[in-house]
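# What the coordinates show
Okay, here's what each chain looks like letter by letter:
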Amino acid sequence: MKKFMCIVAALFMVASVFAGGSKENTSGKKTGYKFGYTCMDGTNPFFVTIQAKMKELIEDRGDTLIITDPGNDVTKQISQVEDMLSQNLDGLFMNPVDAAGILPALDATKAEGVPIVGFDTEVADMSYLV
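In this report, we go over the structure that sits alongside the text. Think of each chain on its own: its residues are numbered from 1, step by step along the sequence as written. Reporting of local features is limited, given that this is a predicted model, to residues whose pLDDT is at least 70; pairs of side-chain atoms are given and counted only at 80 or more, and all residues count toward the totals for whole chains, interfaces and linings. Note: side-chain values were computed over all heavy atoms of the structure, leaving out hydrogens and water.

### A look at the sheet that holds strand β4 (residues 64-68)
As a reminder, the rule being used: Strand pairing is defined by DSSP finding a minimum of two bridges between the two strands. Counting from the N terminus, the helices are the DSSP runs of H or I reaching at least four residues and the strands are the DSSP runs of E reaching at least two. Think of each axis as a best-fit line through the C-alpha atoms, taken over the contacting stretch in the case of a helix, with angles from 0 to 180 degrees between the N-to-C directions. What makes two residues a contact is simply this: any of their non-hydrogen atoms within 4.5 Å.
Here we have four strands laid out as an open sheet, ordered β4-β3-β5-β6, and parallel in their pairing. A strand with exactly one partner marks an edge of an open sheet, and here the two such strands are β4 and β6 (116-118). Across this sheet, the average inter-strand angle for adjacent strands is 20°, counted without regard to direction. The sheet contact formed by strand β3 (residues 34-38) and β4 spans five bridges and is parallel. In the sheet register, Tyr-37 faces β4, and the bridge partner there is Ile-67. Sitting on the sheet, helix α3 (residues 74-85) touches β3, β4 and β5 (91-94), and the angle it makes with β3 is about 175°.

See the structure below:
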């Protein structure tokens, strides 16, 4: 429960960075923020609970959460992160399958200027995380 509360607190901290819950697109219309979520195993009850709460909090603000499940396959997780980045993410919540193996996805995310919030498991280079 303590880990879960820490993750929820981190979500609120990141949400405060995006205060207001919306931004203007190129046509001047208001649109919500788009976040990505990836964890090592989306069938694990711990991650199911975190995912559900994140989805609730993010969507209640009018924002979007894109959810992926790599099924403990780091290659698949990297591919899914790249796919999410192509959808113009504003932020990424990540629990990596492999701390060192995920570095290519972290590089791509950093190159796009997308902030990354890591949870429950460290990455090999913590400087990628906000």
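### Some remarks on the packing of aromatic side chains
What counts is decided by this rule: Working definition: rings of Phe, Tyr and Trp (its six-membered ring) pair if their centres are within 6.5 Å, and the pair is stacked with planes under 30 degrees apart, edge-to-face with planes over 60 apart, and tilted otherwise. Here, over-ring charges are defined by two tests on the NZ atom of lysine or the CZ atom of arginine: distance to the ring centre within 6 Å, and angle to the ring normal within 35 degrees.
Evaluated as defined, the whole model comprises five aromatic pairs. When the centroid spacing of 5.2 Å and the interplanar angle of 70° are considered together, the rings of Phe-46 and Phe-47 count as edge-to-face. Ring pairs connect the aromatic residues Tyr-37, Phe-46, Phe-47 and Phe-119, which therefore count as one cluster. A cation over a ring is seen here: Lys-110 above Tyr-128, with NZ or CZ 5.5 Å from the ring centre.

### Quick notes on helix α2 (residues 45-60)
Note the cut-off: Each helix should span, by expectation, one fewer than its residue count multiplied by 1.5 Å. Accessible area is worked out with a 1.4 Å probe on protein chains only. A residue is then buried under 20% of its type maximum, exposed over 50%, and partly exposed in between. In this context, the arc is that of the directions from the helix axis out to the C-beta atoms. Residues adjacent in sequence count toward polar contacts only when both atoms are side-chain atoms; beyond that, a polar contact is any pair of N or O atoms within 3.5 Å, and within protein one must be able to donate a hydrogen and the other to accept it.
If you check α2, its first and last C-alpha atoms are 22 Å apart, about what 16 residues at 1.5 Å a residue would give, namely 22 Å. Considered for burial, the residues of α2 that qualify are Phe-47, Ile-50, Met-54, Leu-57 and Ile-58. Take α2 and look down its axis: the buried residues cluster within an arc of 100°, on one side only. Among the exposed residues of α2, those pointing more than 90 degrees away from its buried face are Pro-45 and Asp-60. Among the residues of α2, the N-terminal cap falls to Asn-44, whose side-chain oxygen and the backbone nitrogen of Phe-46 are separated by 2.7 Å.

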